[in-house]
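Read off the chains here:
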Amino acid sequence: MQLHDPKAAGTVGDSQGVAPGELPDRGAAAKVAGAPPQMTAHEADDIAELLDLAPVGALVRTVDTSVITYWSHGAEQLYGWSAAEACGQVSHVLLQTVFPVSQTAVEEALRTEAHWSGELVHAHRDGQRIVIASRQAVRRDRDGRAVATLELNTDLRQHKGLQADLRDSDERFRMLVEAVRDYAIFLLSPDGIVQTWN
């Protein structure tokens, strides 16, 4: 994913008419929010390429307005919106986020602890609801001001399905063991000690 205009030389935020952290090819909505002014466009590209390799939906958003400024390839796959469609949108509106407690509680944790992790429910472009494991961290500048939030979101649908399958299997096994009356069924530990029996 290109984060800058390869024809633009110098650093992100140099005197070529690009504000600190702004990337020339996406306009005002496309900032590497919180990118140090001395970060070169090449370094910004390298970071974007690394995030695109991660098997997660990575996004960067502004701290105060939650406007998406970076949207990874993984986010495109997870949610169905392209980077061009997502950048400039308010993340919680686009994804129709359902918070575990409240948006205010998550924002307060980010403000005070500079990180938050937990489960969220997001909407895919097709309207399907997705349970997400979300890890969020706030980047601060040298003066301690919060300048960007990085979100790494992982789809838990497969994990939740495996958990449900395991619960069902355990329940079927329990019913089988309880139904057997003519034989002894017992579970041994690796040391040969009887753990349970019917």
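Everything in this summary refers to the structure shown in the same document. (Residues numbered from 1 in each chain as written. Predicted model: local features only at pLDDT ≥ 70, side-chain atom pairs only at ≥ 80, totals over all residues. Heavy atoms only, no water.)

## Overview of the nonpolar core
Of all hydrophobic cores here, the largest spans 14 residues; its most connected members are Ile 68, Trp 71, Tyr 79, Trp 81, Leu 94 and Leu 95. Only β2 (68-71), α2 (73-79), α3 (83-86) and β4 (129-140) provide two or more residues apiece to this core. The element contributing the most residues to this core is α2, with three residues. Once residues lying within four places of it in the same chain are set aside, the contact partners of Leu 95 are Trp 71, Tyr 79, Trp 81, His 122, Ala 123 and Arg 129. (Core = buried A, V, L, I, M, F, W, Y, C linked by side-chain atoms within 4.5 Å. Buried < 20%, exposed > 50% of the residue type's maximum accessible area, 1.4 Å probe, protein only. Helix = DSSP H or I, 4+ residues; strand = E, 2+ residues; numbered from the N terminus. Contact = heavy atoms within 4.5 Å.)

## Observations concerning unusual backbone geometry
The phi dihedral of Ser 66 is positive, around 60°, even though this residue is not glycine. Along the chain, Ser 66 turns up in the loop between β1 (57-61) and β2. Unlike most non-glycine residues, Gln 96 shows phi in positive territory, near 50°. Among the secondary structure elements, Gln 96 is positioned in the loop between α4 (91-94) and α5 (103-113). Gln 96 gets classed as partly exposed once you look at its relative accessible area, which sits at 47%.

## A few points about a nonpolar patch on the surface
On the surface, a nonpolar cluster with roughly 450 Å² of combined accessible area is contributed by Phe 186, Leu 188, Val 194 and Trp 197. Within the residue set of the nonpolar patch, elements represented by two or more residues are β6 (186-188) and β7 (194-197). Relative to the helices and strands, Leu 188 resides in strand β6. (Patch = residues over 30% accessible without salt bridge, like charges linked within 9 Å, V, L, I, M, F, W, Y side chains within 5 Å. Areas by Shrake-Rupley, 256 points an atom, 1.4 Å probe, with all protein chains shown as cover. Salt bridge = Lys/Arg side-chain N within 4 Å of Asp/Glu carboxyl O.)

## Things to note about α5
Of the positions making up α5, those classed as buried are Val 106, Ala 109 and Leu 110. Seen along its axis, α5 keeps its buried residues to an arc of 95°; they face one direction. Exposed and facing more than 90 degrees away from the buried side of α5 are Thr 104, Arg 111 and Thr 112. The positive-phi residue at the C-terminal boundary of α5 is Ala 114, with phi of around 70°. (Arc of directions from axis to C-beta.)

## Looking at the pattern of salt bridges
Pairing is possible between side chains of opposite charge, provided their charged atoms come close. A complete count under the given rule lists five salt bridges for this structure. Here Asp 143 makes a salt bridge to Arg 145, at a shortest N to O gap of 3.3 Å. Accessibility expressed as a relative area gives 60% for Asp 143, which makes it exposed. Among the charged side chains, a salt-bridge network with shared partners connects Asp 141, Asp 143 and Arg 145.

## Focus on helix α1 (residues 41-53)
Between its first and last C-alpha atoms α1 spans 19 Å; for 13 residues at 1.5 Å apiece the expected length is 18 Å, and the two agree. Restricting attention to buried positions, one finds in α1 the residues Ala 41, Ala 44, Asp 45, Ala 48, Leu 51 and Asp 52. One face of α1 carries all of its buried residues, which in axial projection span an arc of 125°. In α1, the exposed residues that point more than 90 degrees away from the buried face are His 42, Leu 50 and Leu 53. (Expected span 1.5 Å × (residues − 1).)

Just distances and angles here, no functional claims.
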